[in-house]
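Chain by chain, the residues run as shown.
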Amino acid sequence: MSTPTRLTLTRCPLLRHLPFVAFICLLLVAPYLLPEFSITLLNYIGLYAIVAVGLVLLTGVGGLTSFGQAAFVGLGAYTTAFLTTNYGLSPWLTLFIGLAITAAVALFLGFITLRMGGHYLPLGTIAWGISLYFLFGNVEFLGGHTGITSIPTVSLFGWELKSGNQFYYLIWFVVVLAIIAIRNLLDSREGRAIRALRGGVVMAEAMGVNTQRTKIIIFLIAALLASTSGWLYAHLQRFVNPTPFSLTQGIEYLFMVVVGGMGHVWGAVLGAGLITILKQWLQDWLPQILGQSGNFEIIVFGIAMVIVLQKARVGLWPVIVKLLPLRAEQRSVPEAKMLPKRPLTVTNEVLLEASEVTKRFGGLVANNNMDLSVRAGEVMALIGPNGAGKSTMFNCVSGVDRASEGKIAFLGDSTVDQGSRDIARRGMSRTFQHVRLLGQMSVIENVAIGAHLRGNKGIIAAALRLDRVEEAGLLAEAARQIERVGLAAHMFDPAGSLALGQQRIVEIARALASDPCLLLLDEPAAGLRYQEKQALAELLRKLRAEGMGILLVEHDMDFVMGLADRVVVMEFGEKICEGLPEEVQRDPRVLEAYLGGVD
Ligand code: ADP
Ligand code: MG
C-alpha cells in the first residue's frame with residue numbers, strides 16, 4: 001500500500017509529472033551547458049533510444065524477441081539516402097517513403113515470422129536481419145560496402161539543421177514523442193491487449209482480443225520507429241554504409257533494452273544512454289589498459305550481458321523507480337456513463353446446445369459423445385471426478401479448443417468453425433480452472449480486458465489520447481464488476497498478489513465485464529472460505545434472476561446442489577446421468593462413480 005503522503009503527491013497532476021517536466025527542461029538546456037562532444041553522444045543516445053522504445057513495446061511488453069531491428073533502421077536510412085542523392089527528393093518526402101517501404105517489408109516479414117512460436121521467431125529475425133544487411137552491402141546502386149555519401153541536410157521551417165547541436169532538438173523531439181505515444185498506447189484498451197500477449201494469449205482470445213493482429217501491430221510500430229531513427233541518422237551523419245545496420249547492432253539494441261528495463265519505456269532511454277556512454281568509455285580506455293587496439297568492448301559487453309541476464313533480468317529502470325519519491329499510480333476510477341448492454345435473451349431460451357461432442361487427444365478420448373444444453377436463467381452444473389473431461393468440454397464449448405466431432409450451437413448458430421474470439425463476441429464468457437490473470441497488472445486492468453469488445457478505439461486514438469471517454473467507460477465498468485463480486489478493496493492491487501480463491505473471483509468479474517448472456521465457470525469456488533462461497537452463490541443467483549445462463553463446474557457438492565437447477569454428471573469423458581439435483585444425488589451410478597459407492 002502507498003503511504004498517505006505518496007498518495008496525495010501522486011494525486012496532484014503537476015507533481016506526478018514533475019520528473020518528466022524536469023527531464024524536458026534538462027533536454028532543452030543541454031546544448032547550452034554541455035560541450036559539443038557530449039551533444040554528439042546525446043544525439044546517438046537519442047537515435048538508439050527511438051529504436052529501443054520500439055523494442056520495449058515489441059519484446060519487453062509484447063514478449064516477441066527481435067534481433068533484426070537494425071535492418072529496419074537501415075531501410076529508413078538507405079531509402080532517404082538513395083532517393084535524396086539520386087533524385088533530389090525532399091528529405092521530408094523520403095521520410096514517408098521510407099516509412100511506407102518499412103511498413104510493407106515489416107508486414108510481409110511479420111506475417112511470415114510472427115506465426116512462429118518459441119525460439120523460431122528470434123531465429124527468424126536473425127535471418128532477415130542478416131539478409132537485409134547483405135542486401136545493403138551488395139547492391140551496386142546502394143554503393144556497396146562504401147555506401148552513399150553527400151546526403152543533404154534537413155531543413156525545418158527554412159532553418160537548416162547543419163550542426164549536431166541543431167539536429168539534437170529534432171532527434172530528442174522524436175524521442176519524447178515516441179515515449180509519450182507508446183506510454184499512452186500501453187495505458188489503453190489496445191495496450192491491455194498488447195500486455196496480454198506475454199503469457200495470456202489464450203485468455204486474451206477468449207476475451208475477444210485478436211492476438212495475431214495485435215502482434216503484427218506492435219511489430220509494425222517497432223519497425224516504423226526504427227526506420228525513423230534511420231532517417232534521422234542518415235541526415236545527421238550525411239553518409240550511410242551497411243555497418244551500423246548489422247546483426248551486431250541488432251543485438252546491441254536488444255541489450256540496451258534488457259539493461260535499461262525491458263518492460264518500461266523509460267528503460268529504453270536509460271539503456272541507450274548507459275550502453276552508448278559505456279561503449280565510448282570502453283573504446284577509449286580498454287586499448288590503453290590492454291596495450292593493444294581492438295574491439296575489446298564487444299567482449300566486455302558479451303560478459304556484461306550474461307551477468308545482467310543472470311542477476312538483473314528486469315533491468316535498471318525498476319530499481320531507479322523504487323528510489324524515486326514519486327510514483328505515478330492511478331488509484332481512482334474515472335466517472336463515466338454505463339456502457340450499453342446486450343439485448344436480453346428470453347428466459348428459458350436455449351443458449352447452448354452441444355450434442356455428440358467427442359474430443360480426442362491422440363489416443364485419449366477426453367469427451368465421448370457428450371450432450372449438454374444450457375438455457376437462459378438457469379444454472380447448469382457439470383460435475384464428475386477429476387479427469388472426467390469437464391474442462392475439456394468447457395474448452396470445446398468456448399472455442400478455446402476444437403471438438404474432434406459433434407455439433408455445438410450457441411444462440412442457435414453453430415460455433416464449430418468459430419474461434420474463442422468470435423464466440424466471445426456473441427456473448428459467451430468464461431473463467432479458467434487454472435487461473436489466467438496477468439499477475440503484474442492491477443485487478444481493475446485485468447477485469448477491463450474482459451470489456452475489450454465493448455470498446456472500439458484503436459492504436460492511433462490511444463496514442464493520441466483520443467480514447468479517454470471510452471476508456472473511462474471501460475474502467476468504470478470493470479470497477480462496477482469488481483464491486484459486484486466484492487473485491488473493491490483490491491481494485492488497484494496487482495492481481496498476482498491476491499489469494500488464489502480471490503483470483504478466481506477476479507476471473508468472474510472479468511467474464512462479467514464482457515456483458516455475457518452465457519457464463520462458463522470452471523471450479524469458481526475452489527479455495528474460497530465458507531462466507532466467500534456463500535457470497536458467490538448469492539451473486540450467481542442474482543445473475544440467474546437477471547436471465548443469464550450459467551454453466552458451472554464445481555467439486556463442492558453443497559455449493560452445487562444448493563444452487564444448480566439441473567446437473568449433468570460425467571465420468572471417463574461420458575455423461576452418466578442428468579437431472580434435477582435431488583434426482584442426481586440418489587442415482588446409484590452417480591454414487592458409484594462419483595463417491596466411490598460410499599454414501
Ligand atoms: P476435468 O476437468 O474433468 O478434471 P479434463 O477435461 O481436464 O478433466 O481432462 C480430461 C482428460 O483429458 C484427462 O485425462 C486429461 O489428462 C486429458 N487432457 C486434458 N487436456 C489435455 C491436453 N491438452 N492434451 C492431452 N490430454 C489432455
Ligand atoms: Mg477441470
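Every chain begins its residue count from 1, and numbering advances along the sequence as written. Numbering of ligands from 1 and lettering of chains from A proceed in the order in which they are written. Note on the predicted model: pLDDT of at least 70 is required for a residue's local features to be given, and 80 or more for side-chain atom pairs to be given and counted; whole-chain, interface and lining totals, by contrast, use all residues. Hydrogens and water are ignored here; the side-chain numbers use all heavy atoms of the structure.

## Topic: the packing of aromatic side chains
So the rule is basically this: Here a Phe, Tyr or Trp ring, Trp counted by its six-membered ring, pairs with any other such ring whose centre lies within 6.5 Å, and the pair is stacked when the planes are under 30 degrees apart, edge-to-face when over 60, and tilted otherwise. Every helix listed is a DSSP run of H or I at least four residues long, and every strand listed is a run of E at least two residues long, numbered separately from the N terminus. Note on geometry: a ring has a charge over it if NZ (lysine) or CZ (arginine) is within 6 Å of the ring centre and within 35 degrees of the ring normal.
In the structure shown here, the tally under the stated rule is 20 aromatic pairs. On the numbers, 5.8 Å between centres and 70° between planes, the contact of Tyr 48 with Tyr 253 is edge-to-face. One end of the pair, Tyr 48, is in helix α4 (residues 36–61); the other, Tyr 253, is in helix α12 (residues 247–260), with 205 residues separating them in the sequence. The ring of Phe 432 is capped by Arg 436, whose NZ or CZ atom sits 4.9 Å from the centre of that ring.

## Structural notes on the environment of Ile 449
As a reminder, the rule being used: Exposure categories follow from relative accessible area, calculated using a 1.4 Å probe and restricted to protein chains: below 20% of the type maximum is buried, above 50% is exposed, and the middle band is partly exposed. Contacts between residues were defined by any pair of non-hydrogen atoms, one from each residue, lying within 4.5 Å.
Mapped onto the elements, Ile 449 comes out in helix α18 (residues 443–450). Accessibility expressed as a relative area gives 3% for Ile 449, which makes it buried. With 258 residues separating them in the primary sequence, Ile 449 and Gly 191 have C-alpha atoms 9.8 Å apart. Residues in contact with Ile 449, not counting those within four places in the same chain, are Arg 192, Ala 196, Met 203, Met 207, Leu 438 and Met 441.

## Observations concerning the sheet that holds strand β12 (residues 574–579)
We count it as follows: Whether two strands pair comes down to DSSP finding at least two bridges between them. Angles run from 0 to 180 degrees between N-to-C directions of axes, and those axes are lines fitted to C-alpha atoms, restricted for helices to the stretch in contact.
Pairing is mixed across the open sheet formed by 6 strands, whose spatial order is β8-β9-β10-β5-β11-β12. If you trace the sheet from one side to the other, it starts and ends with β8 (428–430) and β12, each paired once. The average undirected angle you get between the axes of adjacent strands in this sheet is 15°. Pairing between strand β9 (residues 518–522) and strand β10 (residues 549–553): 5 bridges, direction parallel.

## Examining the site of ligand 1
Just so we agree on the cut-off: When we say a residue is near a molecule or strand, we mean one of its heavy atoms is within 4 Å of it. Here a polar contact means two N or O atoms within 3.5 Å. Within protein one must be a hydrogen donor candidate and the other an acceptor candidate, and residues neighboring in sequence count only if both atoms are side-chain atoms. For the area figures, the Shrake-Rupley method with a 1.4 Å probe applies, and any residue is considered shielded solely by the protein chains shown. Each residue receives one of three labels: charged for Asp, Glu, Lys and Arg, nonpolar for Ala, Val, Leu, Ile, Met, Phe, Trp, Tyr, Cys and Pro, and polar for the others, Gly being one of them.
Around ligand 1, a shell composed of Phe 361, Leu 364, Ala 366, Pro 385, Asn 386, Gly 387, Ala 388, Gly 389, Lys 390, Ser 391, Thr 392 and Gln 433 is seen. Taking Gly 387, its main chain carries an N or O atom lying 2.7 Å from an oxygen atom of ligand 1. Backbone polar atom of Gly 389 to an oxygen atom of ligand 1: 2.9 Å apart, as the coordinates give it. For ligand 1, whose accessible area on its own is 560 Å², the fraction buried by protein is 59%. Secondary-structure elements contributing two or more residues to the shell around ligand 1 are β4 (364–375) and α16 (390–398). Here the shell around ligand 1 gets 3 residues from one element, more than from any other, and that element is α16. In terms of residue class, the shell around ligand 1 is made up of 5 nonpolar, 6 polar and 1 charged.

Fair warning: the whole summary comes from geometry, so function is off the table for now.
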